[in-house]
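Fold and geometry: a report
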Amino acid sequence: MEATCWARMLLAQSDIGHSMANIRLTNMVAWRNRRSQSLYLNSDLLDLLLAAAGSLLLTVAGGPRPAAAQVNPVAAPTSPVVQADQAVQNPEIRVGIVQRFGEEADDELTIEPLTGDRLTLTFKTGAQVQTVTAPQVKLDIAMQPLPKPALQERIVLSTHRSFESAEDSANQWQQRGIEVEIAQPSSWEVWAKREVYSTPLLRRLLLKNLQAGGFDQAYLDSQIVTAVPKAAFTANGYRYSRDRVEITSANRRIRVVGGESSGDRKLYGGDLMLQPNTYGTYTLVNDVAIETYLRGVVPYEIGLGAPPTTIEAQAILARTYALRNLRRFAIDDYQICADTQCQVYFGISGAATASDRAITATQGLVLTYENELIDALYSSTTGGITARFSDVWNGPDRPYLQSVVDSVQPIWNLSQKPLSEEANVRAFLALDQGFNEDDWDLFRWQGESDLSEIAQDLKTYLQKQQHPLADFTQVKQLQVAERSAGGRVQKLLIQTDVGTVELEKDEVIRALAVPRSLLFYINPIYQAPPSAAASAAANPAASPAASPVASVLKGYQFVGGGWGHGVGMSQTGAYHLGELGWSAARIVQFYYPNTELKPISRELVFWRSPEPPAASANSLP
């Protein structure tokens, strides 16, 4: 591990011509002797590094690098600076409300204050800070040609449907000695850190070494860029071309017209900031107090027709989830997003009495386990049983995320009839009464897909990943190879004409269109071959037994339950528990056993890496 760390420093510095430390080239010979400790430092690569480094001197500021287990794979979120108890109870967070402004050349946003108020714009012209007030601001995009074409590259180490699996993958790459960052250009991806692998040579050396080590799903994402979007804003009749502008109002209420959905109008509490992101576009960020943020989340996540205590349970979970996940978009300098990859957040336009009452009744309350915020995951419908964390994503299990039969009746004994057995899964999914969710449409579902549809879905998925089997032409067979004790599919094998593709956990939902959750089984669908069907039509009097013809596999029927990942609280199940008169505390503790409700405080840890932490860096100071 130590050899790998030093080699990464050499890679980062070998082409930039300046010295960072007092470690001499003679020490590199010692690293050669220790190279067997490193998975990624083979002799060819080290020889290239030694030749490229020459007499380069390196400095390691602050001493040797910590062990990988003590290093988080993504930047830890900065805790809010707390000046008073109110700030502790109601910290501000940074929400990306328009994540990809500038993807289209005609993108526009209109920013307005409430009647009687004005906007204040703060931006830089050179090194000078300027302030302008205006009754309205229009943001737009102009494509700016580059003086010469530019190469944009990054090494994609892995791709994922969810942040949770991406973070676990990032941890594993970090432990192997690769500096990483988590990004979301469309799906979640783990990149080799760009500032470390900063030149074409270094990126290709790394990729070659990874492939030699058997990591053939890592690939180089490369494109030539000839023009880039450039943001501008118009205020008081003047147009300013700026990459960053802060927008505030006296009463901290600002309306955004347009956005990612044309014609959309949303009212936000707090302040706005337009800023560049990692993908060459811009993000409009809402700096907003957590309790105000919840007013734009709770009505949309649970619905205003839910029982009051169910809405309170949702408020507790939404608050906990947001504060726990402030690290998600560290690469882009904001904290969480406003869609289903985080929580749906539409600003305060849809705030309502029922949800506001629930937020007030639970103000400052979060759900904890051993004095740390829990992963407050929830989904629409579990299908009758919740999933463990590791049933859906990679990474260590959370003790409070267990497989809970979603019923107040003793309808199924999981210890006696584990759903890892195929027959038990089929029997469980045949039950449609006695569960908390049984009157919801998605509690049970089924769908069919022929082999050509499965092949197209799979090919699209594999091509996006540049998978080595993406050039297959035919799907021959599907097989569920492994299930969790809670019934979720853990491995689905898809046999193609060029090899077998193994989909794990939430990759299945990402790759195939029909399954709505991982709680399903499959039935093959057969049909007579075309020649036999034509013969039967020509001679209807012939006995079928007289000329047996082998059936041909046409596709598969998927039979399942639930919608979404199924981890943590079932929102539809919580409706029923609220109708039974359960309190919010009882509802959340049903779905998250052995947890405690606590007020936000400096003593709580917001998040720590599954690796042994060096300090509680994410708790409030």
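What this report covers is the structure whose coordinates are included nearby. (Residues numbered from 1 in each chain as written. Predicted model: local features only at pLDDT ≥ 70, side-chain atom pairs only at ≥ 80, totals over all residues. Heavy atoms only, no water.)

Let us look at the overall build of the chain. Looking only at helices and strands, one finds 17 helices and 26 strands in the chain. Out of the 621 residues belonging to the chain, those deemed buried represent 54%. Counting contacts in the chain only where the partners sit at least 6 residues apart, residues at least 24 apart contribute 72% of the total. Working note: accessible area of the chain is about 27000 Å², and carbon and sulfur atoms make up 50% of it. (Helix = DSSP H or I, 4+ residues; strand = E, 2+ residues; numbered from the N terminus. Buried < 20%, exposed > 50% of the residue type's maximum accessible area, 1.4 Å probe, protein only. Contact = heavy atoms within 4.5 Å. Areas by Shrake-Rupley, 256 points an atom, 1.4 Å probe, with all protein chains shown as cover.)

Here the focus is the layout of surface pockets. Volume-wise, the second largest pocket comes out at about 720 Å³. The wall of the second largest pocket is formed by 34 residues, among which Ser-158, His-160, Gln-217, Asn-394 and Glu-507 lie closest to the centre. Mapped onto the lining of the second largest pocket, the elements with two or more residues apiece are β5 (137-160), α5 (163-175), α13 (451-464), β22 (499-504) and α14 (507-511). Here the residues of the lining of the second largest pocket sort into 12 nonpolar, 12 polar and 10 charged. (1 Å grid on protein atoms, 1.4 Å probe; cavity = no way out; pocket = protein on both sides within 12 Å on 5 of 7 lines; lining within 4 Å. Points joined across faces, edges and corners; volume = space filled by probe spheres on them. Nonpolar A, V, L, I, M, F, W, Y, C, P; charged D, E, K, R; others polar.)

The subject of this paragraph is the sheet that holds strand β13 (residues 271-276). Taken together, the 7 strands give an open sheet; going across it, the order is β4-β3-β10-β13-β14-β1-β15, and neighbouring strands pair in mixed fashion. Looking at the sheet topology across the chains shown, the edges are occupied by β4 (128-134) and β15 (336-337). With 4 bridges connecting them, strand β3 (residues 119-125) and strand β10 (residues 245-249) associate as antiparallel partners. The partner of Leu-121 across the bridge, within β10, is Ile-247. (Pairing = 2+ DSSP bridges.)

Turning our eyes to something else, we now look at empty space enclosed by the protein. Counted by the stated rule, this structure contains 3 cavities of 30 Å³ or more. The calculated volume of the largest cavity comes to roughly 130 Å³. By residue number, the principal contributor to the lining of the largest cavity is α5, which donates 5 residues.

Moving on: the state of the cysteines. As enumerated under the stated definition, the model contains 1 disulfide in all. In this model, Cys-337 is linked to Cys-342 through a disulfide, with the two sulfur atoms separated by 2.4 Å. Its S-S torsion of approximately 115 degrees makes the covalent link between Cys-337 and Cys-342 right-handed. There is no split in this pair, since Cys-337 and Cys-342 are both buried. (Disulfide = S-S within 2.5 Å.)

The next subject is the environment of Gln-433. By secondary structure assignment, the location of Gln-433 is in the loop between α12 (422-430) and β19 (445-450). Distance from Gln-433 to Ser-407, taken between C-alpha atoms, is 9.8 Å for residues 26 residues apart in sequence. Excluding residues within four positions of it along the chain, Gln-433 makes contact with Ile-411 and Asp-438.

Bringing helix α10 (residues 353-361) into the picture now. Turning to α10, its buried residues number three or more, namely Ser-355, Ala-358 and Ile-359. Down the axis of α10, the buried side of the element spans an arc of 100 degrees, and every buried residue falls inside it. Residues of α10 that are exposed and point more than 90 degrees away from the buried face comprise Thr-353, Arg-357 and Thr-360. On its buried face, α10 is in contact with α7 (290-295), α8 (298-302) and α9 (308-324). (Arc of directions from axis to C-beta.)

Taken together, the buried positions of helix α17 (residues 584-591) are occupied by Ala-584, Ile-587, Val-588, Phe-590 and Tyr-591. Take α17 and look down its axis: the buried residues cluster within an arc of 155 degrees, on one side only. Its buried side turned inward, α17 meets α9, β16 (365-369), β25 (569-570) and α16 (571-579).

Attention now moves to the packing of α9 against α17. Taken N-terminus to C-terminus, the directions of α9 and α17 make an angle of 60 degrees; their axes are 8 Å apart at the nearest point. Compared by their axis directions, α9 and α17 come out oblique. Considering how the two elements wind past one another, α9 and α17 form a crossing that is right-handed. Residue-level inspection shows Thr-309, Thr-310, Glu-312, Ala-313, Ile-316 and Leu-317 of α9 in contact with α17, the latter providing Ala-584, Ile-587 and Val-588. Split by residue class, the contact of α9 with α17 holds 6 nonpolar, 2 polar and 1 charged. (Axes fitted to C-alpha atoms, helices over the stretch in contact; angles between N-to-C directions. Parallel < 35°, antiparallel > 145°, perpendicular 65-115°, else oblique. Left-handed = near helix turned anticlockwise from the far one by under 90°.)

A few words now on the packing of aromatic side chains. Enumeration according to the criterion identifies 20 aromatic pairs in this entry. Ring centres 5.2 Å apart and planes at 55 degrees place the aromatic pair Phe-389 and Trp-393 in the tilted group. Ring centres of Phe-520 and Phe-558 lie 5.6 Å apart, and the angle between their planes is 55 degrees; on these two criteria the pair is classed as tilted. Of this pair, Phe-520 sits in strand β23 (residues 520-527) while Phe-558 sits in strand β24 (residues 552-560), placing them 38 residues apart in sequence. You can call Phe-520 buried: its relative accessible area is 0%. Exposure remark for Phe-558: the relative accessible area of 1% places this residue in the buried category. Among the aromatic residues, ring-to-ring pairing joins Phe-163, Trp-188, Phe-329 and Tyr-334 into one connected group. Seen from the ring of Phe-443, Arg-444 lies directly overhead, with NZ or CZ sitting 3.9 Å from the centre. (Phe/Tyr/Trp six-rings, centres within 6.5 Å; stacked < 30°, edge-to-face > 60°. Lys NZ or Arg CZ within 6 Å of the ring centre and 35° of its normal.)

Turning next to the sheet that holds strand β26 (residues 596-599). Ordered in space as β17-β16-β26, the 3 strands form an open sheet in which the pairing is antiparallel. Looking at the sheet topology across the chains shown, the edges are occupied by β17 (372-373) and β26. α9 rests against β16, β17 and β26 of the sheet, and its axis sits at about 65 degrees to β16.

A separate point is the nonpolar core. Judged by nonpolar contacts, the single largest core of 132 residues is most densely connected at Ile-93, Ile-111, Leu-157, Leu-284, Tyr-293 and Tyr-592. At 9 residues, the largest contribution of residues to this core is made by α9. Look past the residues within four positions of Leu-157 in its chain and what remains in contact with it is Trp-173, Ile-178, Val-180, Val-190, Trp-191, Ala-192, Leu-210, Gln-217 and Ala-218. Judged by nonpolar contacts, the second largest core, of 13 residues, contains Leu-419, Phe-428, Phe-435 and Leu-519. (Core = buried A, V, L, I, M, F, W, Y, C linked by side-chain atoms within 4.5 Å.)

It is worth spelling out unusual backbone geometry at this point. Even without glycine at this site, Arg-252 takes up a positive phi of about 55 degrees. With respect to the element layout, Arg-252 can be found in the loop between β10 and β11 (253-258). Of the residues examined, Arg-252 reaches a relative accessible area of 27% and is grouped as partly exposed. One non-glycine residue, Asn-371, lies in the positive phi region at around 70 degrees. With respect to the secondary-structure elements, Asn-371 resides in the loop between β16 and β17. When its relative accessible area of 29% is taken as the criterion, Asn-371 is described as partly exposed.

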